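Residue-level structure breakdown
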Amino acid sequence: MIKFSNVNKWYGEYHALVDIHAEVKKGEVVVVCGPSGSGKSTLIRTVNRLEEIGRGKITFEGQDIHDKHLNLNMFRSRVGFVFQQFNLFPHLSVLDNITLSPIRVRGLKRAEAEHKAITLLTRVGLEGKANAYPPQLSGGQQQRVAIARALAMDPPAMLFDEPTSALDPEMVGEVLSVMNLAHEGMTMMCVTHEMGFAREVADRVWFMDAGQILETGTPDDFFSKPQHPRAQRFLSDLHAH
């Protein structure tokens, strides 16, 4: 579904992504992990062109996402994105945050969009918060609304960029459980430091450092017998911590 071919990115002189070759199959959950500054968030943000690449090719369902004829807004409507900092509109209610894109981009009738929004809020355990505003919610509640908002577009793929990193520890579990719910049959790429989530939910783990994918494998293989010395050191540091 998502394929990276020789993808490179620079910020000035800094080589942020180095010769990335990888693919995510339809229905697969891929967790991208690695030390801070390894290029994980940059990589995931290239998929919906929040970050442009310097060289290489990325395809989504076989389509080159840098094709000059691509309708970028329509393309992004098919790739759900959940940010570290939630990025909800603070002046809109929870219900309006979720219904805005289905109405504006997909042309859904308001009643249909609102019915779907309430169904999703029930799924994420926030059915009583439809008329609340984001500043009235905890961080964990805001992130669950952000996940419901992304799901409201029925995207075939979801991208999560460190969705729990801005949360207090006691809120992490509630967001991870919603992500677990969300992935039923859906293609997902998730950048996270939550190794328990990676172990339980991922089909494959990609380990990155210095802008490269150094190792890919099943969670069992990655956590029990990592091959690359940098991955071995990363995991032993985690165990020590």
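Now for a description of the structure that goes with this document.

Parameters at a glance
- Residues numbered from 1 in each chain as written.
- Predicted model: local features only at pLDDT ≥ 70, side-chain atom pairs only at ≥ 80, totals over all residues.
- Heavy atoms only, no water.
- Pairing = 2+ DSSP bridges.
- Helix = DSSP H or I, 4+ residues; strand = E, 2+ residues; numbered from the N terminus.
- Buried < 20%, exposed > 50% of the residue type's maximum accessible area, 1.4 Å probe, protein only.
- Contact = heavy atoms within 4.5 Å.
- Polar contact = N/O pair within 3.5 Å; in protein donor to acceptor, adjacent residues only side chain to side chain.

Some words on the pairing of strand β10 (residues 212–217)
Where strand β9 (residues 204–209) meets β10, 5 bridges bridge the pair, whose relative direction is antiparallel. Paired with M208 across the bridge in β10 is I213. As consecutive antiparallel partners, β9 and β10 are separated by 2 residues, and within that stretch A210 has a phi angle of approximately 50°, a positive value.

A closer look at the environment of E127
Mapped onto the elements of the fold, E127 is located in the loop between α4 (110–123) and α5 (139–151). The exposure class of E127 is partly exposed, given its relative accessible area of 46%. Put simply, E127 and A117 are 10 residues apart on the chain and 9.2 Å apart in space, counted from C-alpha to C-alpha. Beyond its immediate chain neighbours, meaning those up to four positions away, E127 contacts L121 and T122.

Points about the side chain of R204
Assignment of secondary structure puts R204 in strand β9. Only 2.9 Å separates the side chain of R204 from the side chain of E28, close enough to count as a polar contact. Not counting the four nearest positions on each side in its chain, R204 is found in contact with E23, V24, E28, V29, V30, V31, T216, G217 and P219.

Description of the sheet that holds strand β1 (residues 2–11)
Strand order in this open sheet of 4 strands is β2-β1-β4-β5, and the pairing throughout is antiparallel. The sheet is open, and its two borders are formed by β2 (14–24) and β5 (63–64), each paired with just one other strand.

Overview of the pairing of strand β7 (residues 157–161)
Counting buried residues in β7 gives 5 out of 5 residues, a clear majority hidden from the surface. Burial along β7 is two-sided: the face carrying A157, L159 and D161 and the face carrying M158 and F160 are both buried. Across 4 bridges, strand β6 (residues 79–82) lies against β7 in parallel orientation. In the strand pairing of β7, V82 is matched with F160.

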